[in-house]
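Residue-level listing of the chains:
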Amino acid sequence: MYSNRIKNRIRLAKNLLVLSAMVALVVIIWRTCSKEEESNFQIDDTPLHVESIRTIAEISTVSYKDQVVVDTVEYFKGDLNLYDPLEWERIYKRNIKRRLTLIIEGEVRYGLDLTKSIIKQKQSNDTVFLYLPEPVVLDVMVSPSKTEIFQETGTWSDIARVKLELKAKKLIQQNAEEVHLNEKAKKNLYSVFRKLIADDRKLIIHYE
Amino acid sequence: MIVKIQILLLLGAILNLISCSNKEELPTPDVHEIRKIGVLSTTEYTIGKIIKLDDKAEEWYKYGDRKILIHCRAKIKAGIDLDKIEKEDIVVEGDQIEITLPEVEIVSFEMDPKHVRTEVENITGFRDRFTQEEKNKILKQGEKAILKDIEKTGIYKDAQKNTAAFLEDFFKEQGYKEVIINYVQQSDKK
């Protein structure tokens, strides 16, 4: 009777092994067939569409470049059930169900926006007075060429990626504002106008 | 024996969960660069583009199609780099001023993520959905294509015209009666 029990257990173990091997084989074949290799896909040539044209007048004098990391994680919910083999994946994945991490480089430009205002000038024989608006943030630039998907596990929607990219853009702008680039922008504006006023007169700039 | 194995597994799982129950904090890099620039932007174009991709599988066992259409919008500014103007490029003779400006160029490019939209995504058979990494690669190609074709839109001509108009007004306010604006030797793209 004892030997029968052992024989049955051995048979059960063999059957489980064969079943696991068959399941593993099916999974491997499916993954191989559906896995997308590092594709060298090329987009089709489509025309550009000019949506709007604007005449502007902006003088940028400071460029701030920054690189930020943004991340979103979803964890498995509930307690781990060790007796359920489907839950063993949680141990392997350190309880992280899916994760999307982006590294984004952006540029913030400070300077004068003269599109809606003009440069007021007053002159005397030896001095030029310029009345300019305060420097402002002119551009916060992010683009796909400066975006790296560092880590992507699980399936993520476009909305999730866009949310992260906008968060990165906001972070880059906040970081730029913390460095107080207004004064640097003013100093650089002085050099720009000094060059343009092609004589030896003194230059005084007032910001309104 | 089975009980001993189960206890060991349980201990292992507890240790793992303790070590991974703390949410990982990503390091915040302190990497930035501040640069002095002198760029005069005088034209802004908003460009829309439909990025089209038909990813045909090369392997015989990859049955199915993958197609995607993404609409994106880019804001492009053109103007001149004032730092390239040398002292000798500005010549004053009485109430006439002559200035030689550098070539107009694309001075900024931005593709706001808010304006990127997947219009159509069609996956059939055994093919996988496009991952975010693949979509990013597609957008990078789209960005390259926009920059390659932008010269056909007339942005450089507009930027030249607007830059000349801006500087003419500026110098006339200074009291010059005649303002002559030249550009350095134009490249073929103009």
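What you see is a predicted model; the values in this text were computed from it and never measured.

Moving on, we come to the interface of chain B and chain A. Contact residues are listed per partner, giving 90 residues for chain B and 87 residues for chain A. With both sides pooled, the region where chain B packs onto chain A buries about 8000 Å², and carbon together with sulfur makes up 55% of that total. Here chain B is connected to chain A by eight salt bridges. The closest approach of N and O atoms between E51 of chain A and R73 of chain B, which form a salt bridge, is 2.6 Å. Counting across the chain B and chain A interface gives 39 residue pairs in polar contact (both at pLDDT 80 or more).

Moving on to the sheet that holds strand β4 (residues 127–132) of chain A. Residues and elements named next belong to chain A. The mixed open sheet is built from three strands, whose spatial order is β3-β4-β7. One side of each edge strand has no neighbouring strand; the edge strands of this open sheet are β3 (120–123) and β7 (202–207). Going from strand to strand, the sheet's axes swing by 20° on average, the running direction of each strand aside. For β3 and β4, the ladder comprises four bridges, and the chain directions are antiparallel. If you follow Q121 over to β4, its bridge partner there is L130. Sheet contacts for helix α4 (residues 182–196): β4 and β7; angle to β7, the most-contacted strand, approximately 140°.

This paragraph deals with the nonpolar core. With 58 residues, the main nonpolar core has I59, L130 and F193 of chain A together with I138, I146, L167 and F171 of chain B as its most contacted residues. Residue contributions to this core peak at eight residues, all from helix α3 (residues 155–173) of chain B. Every residue in contact with L167 of chain B, bar those within four places of it in the chain, is listed here: L196 of chain A together with L40, I80, L101 and I181 of chain B. Of all hydrophobic cores here, the second largest spans 20 residues; its members include Y64, I104, A160 and A168 of chain A.

As enumerated under the stated definition, the model contains three aromatic pairs over all chains in all. Considering the side-chain rings of F193 of chain A and F170 of chain B, the 5.8 Å spacing of their centres and the 45° angle between planes classify their relative orientation as tilted. On the criterion of chain membership, the pair formed by F193 of chain A in helix α4 and F170 of chain B in helix α3 is interchain, its members lying in two chains. Summarising the burial analysis for this pair, F193 of chain A and F170 of chain B share the class buried. Taken together, the ring pairs connect F193 of chain A together with F170, F171 and Y176 of chain B into an aromatic cluster. Over the face of the ring belonging to Y207 of chain A we find K186 of chain A, whose NZ or CZ atom lies 4.9 Å from the ring centre. Against the face of F130 of chain B rests R66 of chain B, its NZ or CZ located 4.1 Å from the ring centre.

To continue, consider the pattern of salt bridges. All names here are of chain B. For the structure on display, the rule yields 31 salt bridges over all chains. Ionic pairing is found between E121 and K135, a salt bridge with its closest N-O pair at 3.2 Å. Of this pair, E121 sits in strand β6 (residues 117–123) while K135 sits in helix α2 (residues 132–149), and the two are 14 residues apart along the sequence. Using a relative accessible area of 25% as the deciding quantity, one classes E121 as partly exposed. Since its relative accessible area comes to 4%, K135 is described here as buried. Across the salt bridge formed by K172 and E168, the nearest N and O atoms sit 3.4 Å from each other. Of the two residues, K172 and E168 are both situated in helix α3; the distance of four residues between them amounts to about one turn of the helix. On the basis of relative accessibility, which here comes to 31%, the residue E168 falls in the partly exposed class.

Rules of the game
Residues numbered from 1 in each chain as written. Chains lettered and ligands numbered in written order. Predicted model: local features only at pLDDT ≥ 70, side-chain atom pairs only at ≥ 80, totals over all residues. Heavy atoms only, no water. Contact = heavy atoms within 4.5 Å. Buried area = accessible area lost by both parts, 1.4 Å probe. Salt bridge = Lys/Arg side-chain N within 4 Å of Asp/Glu carboxyl O. Polar contact = N/O pair within 3.5 Å; in protein donor to acceptor, adjacent residues only side chain to side chain. Pairing = 2+ DSSP bridges. Helix = DSSP H or I, 4+ residues; strand = E, 2+ residues; numbered from the N terminus. Axes fitted to C-alpha atoms, helices over the stretch in contact; angles between N-to-C directions. Core = buried A, V, L, I, M, F, W, Y, C linked by side-chain atoms within 4.5 Å. Buried < 20%, exposed > 50% of the residue type's maximum accessible area, 1.4 Å probe, protein only. Phe/Tyr/Trp six-rings, centres within 6.5 Å; stacked < 30°, edge-to-face > 60°. Lys NZ or Arg CZ within 6 Å of the ring centre and 35° of its normal.

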